Amino acid sequence: MIISLRRRVRNINFHRVWAVMMRHLMSWPRSLERLADSFWWPTFNLLIWGLVTTYLQQQAGQYQFFISLFLGGVIMWVFVYRAQEEIGVLLLQEAWDRNLLSMFSSPLTIWEFTVAAFLLSVIKLVISVIWMIALGYVLFQFNLFRYGFVLVPYAALLLVSGGIMGMIINSLIIRFGYRIQVFAWTLIAILQPFSGVFYPISSLPVWMQQVAIFLPTSYVFEGMRTVLKEGRIDYPGLIISVALSVLYFIFAVWFFAWSFKKARDSGALMKFS
Amino acid sequence: MEVLSVKNLTKRFGKFTAVNNISFSIKEGEIVGLLGPNGAGKTTTIAMMLGIISPSSGSISVFGLPFADNREAILKQMNYSSAYIKAPWRLTVWEHLYVFALMYEVPRPKERIEEVLRIFNFSDKRKALNGDLSSGNMARLNLCKAFINQPKIVLLDEPTSSLDPDVADQVRQFIKLSREKYKTTILITSHNMAEIEELCDRVIFMNHGKIIAEDTPEGLSKKIKKTRVQLMMKDGAKRTIQFAKEAGFTVTAKDRYVVVEVDEEDVAYLLAGIAEKGVTYDQISIDKPTLNDYFIEEAREKH
């Protein structure tokens, strides 16, 4: 499987990856809903949580890290759900535009499409996050990078987690069609309560803590809190998160390849035309 | 030279066999019509030739290479257009073609886009949003996309179905020109039998997943022996119907018209017979069987 993965990566044609990126970058500024995904909802989340935590802080002065923890969580969660949504919705966008058959009857491979989706999600995410960091700083004087760039590896891991979820959701959409397209917006929400985005994992019920052990995102948010409270990286947690991410990434690649093969066997791709 | 070869191709979806052990080949520069009623297996066959559906068994070779092992290299020299596909509605015509020019690694893409826009008389729409195009212009855009990479093989699924007769004629002229100038090989499906007769060197007729006939359009038409004699009656409609029935011909009547279907050699017998009975008519048309007649007969017979 590793050899097959290496062969696929070697065969990726970046002209075609760039073509897919161009197609979406050119239509992005004309898509109000995609702009809302990039700016409106992240801004809205930041404002709501920022105002709530400011209020709580005023009511009980001892919670001095509330703003940092909540806003850190809000901004860092954007990495997961935007990466997932970008990859999931990108495929659906082609289906809604009835462009999927044109795309996949060209030399474009599903792997080139996925690489393009991932790169696009990084570009759009960076823009969203810069916007949110600037807004967090201007409105609440919250500086995510006050300890330098120690959160960058965590952010990268969250991006990969979002990408993995995006690939799994795409696999399901390819396999089962439009009837499960709602997963592209909703499935990621299942991860959030188990990931400890706004609270420590230790505050979860025991059964949820046991689930959290298997999620790379839970180590990232625990790590983020350590960075914000103590200004240091929790290396054991980071390593476990990396290992889990690699494991899930391999599974997601396999599941995606399997689903695409099944869709070609069943003719499911034709149903998107 | 054979550029496309399909051998014992079968596609099963569970217990349903959509394409049943078909074999055919197409030569360089040939225009071949793939005909058949809805559900005959044409679209599944085309989808297999594009790698969108995988065959249950059998093989497809293009330029002498097995498709399954050379997908990207083969598809770079092929293209596809269907009346059923659209284009991203937020992109302009030019942007859409640019994306596909990049995807097919077209050399000097901007020049090529201008060229295809000119060929399809579409240059004035270059800045129009795809979402604002009429269905005819969308079909034209799909054709521009289908020829953007100067393909050696083009699969066209009902390419002129939503075009007005003038544009449809321009498209047909371009298809002919493309074959003459670039030796482009074209596989075309259409429900416009006149178009198939005009364009195709050969027709493959499918029904229920099988190839039931393969011939020139004229050859298929000749398989229908009945000639249609249509009379606009002046006097004697009832006598004509009675004579036709007694002679064992199929006869239908509507308003002032009586239509009799006879073998070509019986036309003289029919006309002499009704003349003897004093029948008079204002107009007469004797229509030889067409591909359309063949299509209708095959489609109805096998149902």
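Residues numbered from 1 in each chain as written. Chains lettered and ligands numbered in written order. Predicted model: local features only at pLDDT ≥ 70, side-chain atom pairs only at ≥ 80, totals over all residues.

*Asks:* Where do I start with the overall build of chain A in this structure?
*Replies:* From N to C terminus, chain A includes 12 helices and zero strands. Starting at the N terminus and walking to the C terminus, you meet the elements of chain A as α-α-α-α-α-α-α-α-α-α-α-α. In chain A, 76% of the contacts between residues at least 6 apart in sequence involve partners at least 24 apart. (Helix = DSSP H or I, 4+ residues; strand = E, 2+ residues; numbered from the N terminus. Contact = placed C-beta atoms within 7 Å.)

*Asks:* Teacher, can you tell me more about the confidence of the model for chain B here?
*Replies:* Close reading of the predicted structure is inappropriate where its pLDDT is low. Here chain B averages 89 in pLDDT, and 99% of its residues register 70 or above. Note on the complex model: pTM 0.79, ipTM 0.78. (pLDDT = per-residue confidence, 0-100.)

*Asks:* Would you explain the environment of valine 138 of chain A in this entry?
*Replies:* With respect to the helices and strands, valine 138 of chain A occurs in helix 6 (residues 110-140). Separated by 19 residues in sequence, valine 138 of chain A and leucine 157 of chain A have C-alpha atoms that sit 27 Å apart.

*Asks:* Any chance you could explain the sheet that holds strand 8 (residues 185-189) of chain B here in plain terms?
*Replies:* Sheet strands pair via backbone hydrogen bonds, and the direction of the pair is either parallel or antiparallel. Residues and elements named next belong to chain B. The sheet built from six strands is open, its strands ordered 6-7-8-3-9-10 with mixed pairing. Of all strands in the sheet, those with a lone pairing partner are strand 6 (78-82) and strand 10 (210-215), marking the two edges. Adjacent strand axes in the sheet meet at a mean angle of 15° when their direction is disregarded. Sheet topology note: the strand 9 (residues 202-207)/strand 10 ladder contains five bridges and is antiparallel. In the sheet register, isoleucine 204 faces strand 10, and the bridge partner there is glutamate 214. Sitting on the sheet, helix 5 (residues 135-146) is in contact with strand 6 and strand 7 (153-157), with an inclination near 170° to strand 6. (Pairing = 2+ DSSP bridges. Axes fitted to C-alpha atoms, helices over the stretch in contact; angles between N-to-C directions.)

*Asks:* In this structure, what is going on with helix 6 of chain A? I would like to understand it.
*Replies:* Counting along an α-helix, one turn takes 3.6 residues, and residues three or four places apart therefore face a common direction. Between its terminal C-alpha atoms helix 6 of chain A stretches 43 Å, which fits the 45 Å expected from 31 residues at 1.5 Å a residue. Note on helix 6 of chain A: the residue one or two positions beyond its end, glutamine 141 of chain A, has a positive phi of about 55°. (Expected span 1.5 Å × (residues − 1).)

*Asks:* Looking at this structure, I do not really get the interface of chain B and chain A. What am I missing?
*Replies:* Interfaces are often described in size by the accessible area the parts lose on coming together. Each side of the interface is counted separately: chain B has 26 residues, and chain A has 28 residues. Of all the secondary-structure elements, those providing two or more residues to the side of chain B that touches chain A are helix 2 (71-75) and helix 3 (93-103) of chain B. Class assignment for the residues of the side of chain B that touches chain A results in 18 nonpolar, one polar and seven charged. (Nonpolar A, V, L, I, M, F, W, Y, C, P; charged D, E, K, R; others polar.)

*Asks:* For this particular structure, what's the right way to read helix 5 of chain B?
*Replies:* Between its first and last C-alpha atoms helix 5 of chain B spans 16 Å; for 12 residues at 1.5 Å apiece the expected length is 16 Å, and the two agree. Burial within helix 5 of chain B is extensive, with nine of its 12 residues counted as buried. Turning to helix 5 of chain B, its buried residues number three or more, namely Met138, Ala139, Arg140, Leu141, Asn142, Leu143, Cys144, Lys145 and Ala146 of chain B. In this structure, the buried side of helix 5 of chain B is in contact with helix 5 (100-104) of chain A together with strand 6, helix 3, helix 4 (109-119), strand 7 and helix 6 (165-182) of chain B. (Buried ≥ 20, exposed ≤ 12 C-beta atoms within 10 Å, placed from the backbone.)

*Asks:* Help me understand the sheet that holds strand 4 (residues 57-62) of chain B, please; the structure alone is not making it clear to me.
*Replies:* All names here are of chain B. If you trace the four strands from one edge of the open sheet to the other, you get 2-1-4-5, paired in antiparallel fashion. Only two strands of the sheet have a single partner each, and these edge strands are strand 2 (16-27) and strand 5 (65-66). Summarising the sheet, strand 1 (residues 2-13) and strand 2 pair through eight bridges and their orientation is antiparallel. Bridging across to strand 2, leucine 9 finds its partner in isoleucine 22. Along the sheet face, helix 1 (residues 42-49) touches strand 1, strand 2 and strand 4 and points at about 60° away from the line of strand 2.

*Asks:* Whenever I open this one, the environment of arginine 30 of chain A confuses me. Can you help?
*Replies:* Here arginine 30 of chain A shows up in the loop between helix 2 (14-27) and helix 3 (32-59). A tally of 15 C-beta atoms within 10 Å means that arginine 30 of chain A is categorised as partly exposed.

*Asks:* What is the right way to look at the packing of helix 11 (residues 216-230) of chain A against helix 12 (residues 235-266) of chain A in this model?
*Replies:* Working note: a packed helix pair is described by the angle between its axes plus the distance between those axes. Residue and element names in this part refer to chain A. Relative to each other, helix 11 and helix 12 sit at 155°, their axes nearing to 8 Å. As summarised for this structure, helix 11 and helix 12 are arranged roughly antiparallel, according to the angle between their axes. For the pair helix 11 and helix 12, the crossing hand works out as left-handed. Facing Pro216, Tyr219, Val220, Glu222 and Gly223 of helix 11, the residues of helix 12 in contact are Gly237, Leu238, Ile240, Ser241, Leu244, Ser245 and Tyr248. By residue class, the composition of the contact of helix 11 with helix 12 is seven nonpolar, four polar and one charged. (Parallel < 35°, antiparallel > 145°, perpendicular 65-115°, else oblique. Left-handed = near helix turned anticlockwise from the far one by under 90°.)

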